[in-house]
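# Inside the fold
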Amino acid sequence: MLRFLIRRTLGAAVILLIISALVFVLFYAAPRDPARIACGKVCTPETLALVKKNLGIDHSLPVQYWDWLKGLFVGRDYTSYGHCDAPCLGYSFQNREPVLATIEDRFPTTVSLALGSSAVFLLFGVGTGMLAAVKQGKALDKIASSASLVASSMQIFVVGVFATYLLVDQWNLLDRASYTPFTDNPGKWFSGLLLPWLVLSLIFTANYTRMTRSQMVESLSEDYVRTARAKGLSRKKVFFRFAWRGAMGPIITIFGLDMGQLLGGAIITEYTFSLQGIGALSVKAVNTNDLPVLLGVILVAAAAIVIFNILVDAVYALVDPRVRLA
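A brief report on the enclosed structure follows. As the structure is a computational prediction, the values presented were derived from the model and not from experiment. (Residues numbered from 1 in each chain as written. Predicted model: local features only at pLDDT ≥ 70, side-chain atom pairs only at ≥ 80, totals over all residues. Heavy atoms only, no water.)

To continue, consider helix α10 (residues 235–263). At W244, α10 shows its maximal bend, which comes to roughly 45 degrees. Positive phi appears at G265, one or two residues downstream of α10, with a value of about 125 degrees. (Bend = angle between axes of the 7 residues up to and from the residue. Helix = DSSP H or I, 4+ residues; strand = E, 2+ residues; numbered from the N terminus.)

The full count for this structure, using the stated rule, is one disulfide. With its sulfur 2.2 Å from that of its partner, C84 forms a disulfide with C88. Its S-S torsion of approximately 110 degrees makes the covalent link between C84 and C88 right-handed. The same class applies to C84 as to C88, namely buried. (Disulfide = S-S within 2.5 Å. Buried < 20%, exposed > 50% of the residue type's maximum accessible area, 1.4 Å probe, protein only.)

Moving on, we get to the layout of surface pockets. Estimated volume of the largest pocket: approximately 310 Å³. Around the largest pocket, the lining is made up of 15 residues, and of these L16, W68, L72, F73 and L299 lie nearest the centre. Elements represented by at least two residues in the lining of the largest pocket include exactly α1 (2–28), α4 (61–74) and α13 (291–319). When grouped by side-chain class, the residues that make up the lining of the largest pocket number 14 nonpolar, one polar and no charged. (1 Å grid on protein atoms, 1.4 Å probe; cavity = no way out; pocket = protein on both sides within 12 Å on 5 of 7 lines; lining within 4 Å. Points joined across faces, edges and corners; volume = space filled by probe spheres on them. Nonpolar A, V, L, I, M, F, W, Y, C, P; charged D, E, K, R; others polar.)

Now for the nonpolar core. With 40 residues, the main nonpolar core has L195, L200, M216 and L262 as its most contacted residues. Put simply, the parts of the chain that give this core at least two residues each are α5 (99–134), α7 (156–170), α8 (186–220), α9 (223–230), α10 and α13. Ranked by residue count, the leading element in this core is α8, at twelve residues. Sequence-distant contacts of M216, defined by excluding residues within four places in its chain, comprise M130, A133, F239, A243, W244 and A247. F27, V99, I103 and L299 belong to the second-largest nonpolar core, a separate cluster that totals 26 residues. (Core = buried A, V, L, I, M, F, W, Y, C linked by side-chain atoms within 4.5 Å. Contact = heavy atoms within 4.5 Å.)

What follows is the structure, encoded as structure tokens:
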């Protein structure tokens, strides 16, 4: 297991390095010059050169990338800002704020959104899928399958607007979406994020319902499950000890990918409910050609996906004894 984790960690570092290099290259393929944007309408060549120096983009592309990469490990010196301690992700081209501090300020919103919604869609999605598998072919199974098909075809930005209008503006059942730090007011934190959790988890719940049902139906027809029944084990023990455990492998794999994406920024949900997480931050960075912020957010998103992939592989081997990590 240790060798596997070390190998995957080294591979993750290479992946993150490649991603950062690609983003750097793609950024410079963009038609807009961040220095000219920051320089303003009246911009002389001398002023433009000074702005480029202050932003740290007055060197060639390889030199800029190397300086940025070194800043992650040993820090970096800036003409206008002084020394930036490692890990240094640079300073925003737009507001001149440290990128790391900006991401740290936005990340709790995204984490709260991801954890809350994942708890909802796991509880309802996996639970409904298991019930549908037990009641295969009956009314509950048909209702759950039909509802999941309808829910999976919905769009968050449409459902979010209608849910806000009905549940908040018309019926006053829920609070308007907002983020309050958990340590400041747990009750307000919960009530402010409840509506985004429900809307974001809607599509995921539908997908997990269908996936859990199909995996459970397949697992219940396996030979080892029929053997357990023939030995006289109780239906509950057969279901949870054998069938459920055998069906959880693919679900755990997909959950790891989904959590990585959610922690990388639930962009549409954050924009729909005006939540200032790192998903909304990434869109703003793209619109304003803010390379340091964009690189920082992409690294966080990529790291979240890679880390959860590693954890999923490890958990998969623990849940299913037929799987061994070579």
